[in-house]
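# A look at the structure
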Amino acid sequence: AGATVLRASKPGRAGQMNQGANAAKGDVIMFLHADSTLPADYTRLVEASIGREKHQWGSFRSIDIGIKNPLGSFLIKQGVALRTRLLHK
């Protein structure tokens, strides 16, 4: 397996992700932001979610965003947790 590098035809993350999704050839698409890391058991979590529904999306609830400032890290993680709770209803 390998990777294909695409040059974004449009500025902005949404356009870039759409371009990548349209070029994808597999059954599963996974986007990972450059400043994020996956949990150690991410393969098990992804495999467990495959096939539950025809179209689905998800997110990992535990993130490491690499911010050293404890207050800044806490605030960002709380914002992500709130967004996740609201969107996963």
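Right above here is the structure, for reference.
Below is a short write-up of the structure. This structure is a prediction, so every number in the text was calculated from the model and none was measured. (Residues numbered from 1 in each chain as written. Predicted model: local features only at pLDDT ≥ 70, side-chain atom pairs only at ≥ 80, totals over all residues. Heavy atoms only, no water.)

### Structural notes on the overall build of the protein chain
Counting secondary structure elements, the protein chain contains three helices and zero strands. Of the regular secondary structure in the protein chain, the N- to C-terminal order runs α-α-α. The buried share of the protein chain, reckoned over its 89 residues, is 4%. In the protein chain, 26% of the contacts between residues at least 6 apart in sequence involve partners at least 24 apart. When the accessible surface of the protein chain is summed, it comes to about 7,900 Å², and 55% of that surface belongs to carbon and sulfur atoms. (Helix = DSSP H or I, 4+ residues; strand = E, 2+ residues; numbered from the N terminus. Buried < 20%, exposed > 50% of the residue type's maximum accessible area, 1.4 Å probe, protein only. Contact = heavy atoms within 4.5 Å. Areas by Shrake-Rupley, 256 points an atom, 1.4 Å probe, with all protein chains shown as cover.)

### Here's the deal with the environment of glutamine 19
As for its placement among the helices and strands, glutamine 19 is situated in helix 1 (residues 13-23). Accessibility expressed as a relative area gives 22% for glutamine 19, which makes it partly exposed. Counting along the chain gives twelve residues from glutamine 19 to arginine 7, while the straight-line C-alpha distance between them is 9.2 Å. Leaving out residues up to four positions away in the same chain, glutamine 19 has contacts with Leu6, Arg7, Ala8 and Ser9.

### Here's the deal with a nonpolar patch on the surface
Judged by side-chain polarity, Leu71, Phe74 and Leu75 come together as a nonpolar surface patch covering roughly 330 Å² of accessible area. Mapping leucine 71 onto the fold places it in helix 3 (residues 70-87). (Patch = residues over 30% accessible without salt bridge, like charges linked within 9 Å, V, L, I, M, F, W, Y side chains within 5 Å. Salt bridge = Lys/Arg side-chain N within 4 Å of Asp/Glu carboxyl O.)

### Thoughts on the environment of aspartate 41
The residue aspartate 41 is located in the loop between helix 1 and helix 2 (42-49) in this model. For aspartate 41, a relative accessible area of 32% translates into the label partly exposed.

### Digging into the pattern of salt bridges
Counted under the stated rule, the structure contains one salt bridge. Residue aspartate 41 pairs with arginine 44 through a salt bridge whose shortest N-O separation is 2.7 Å. A relative accessible area of 48% means that arginine 44 is categorised as partly exposed.

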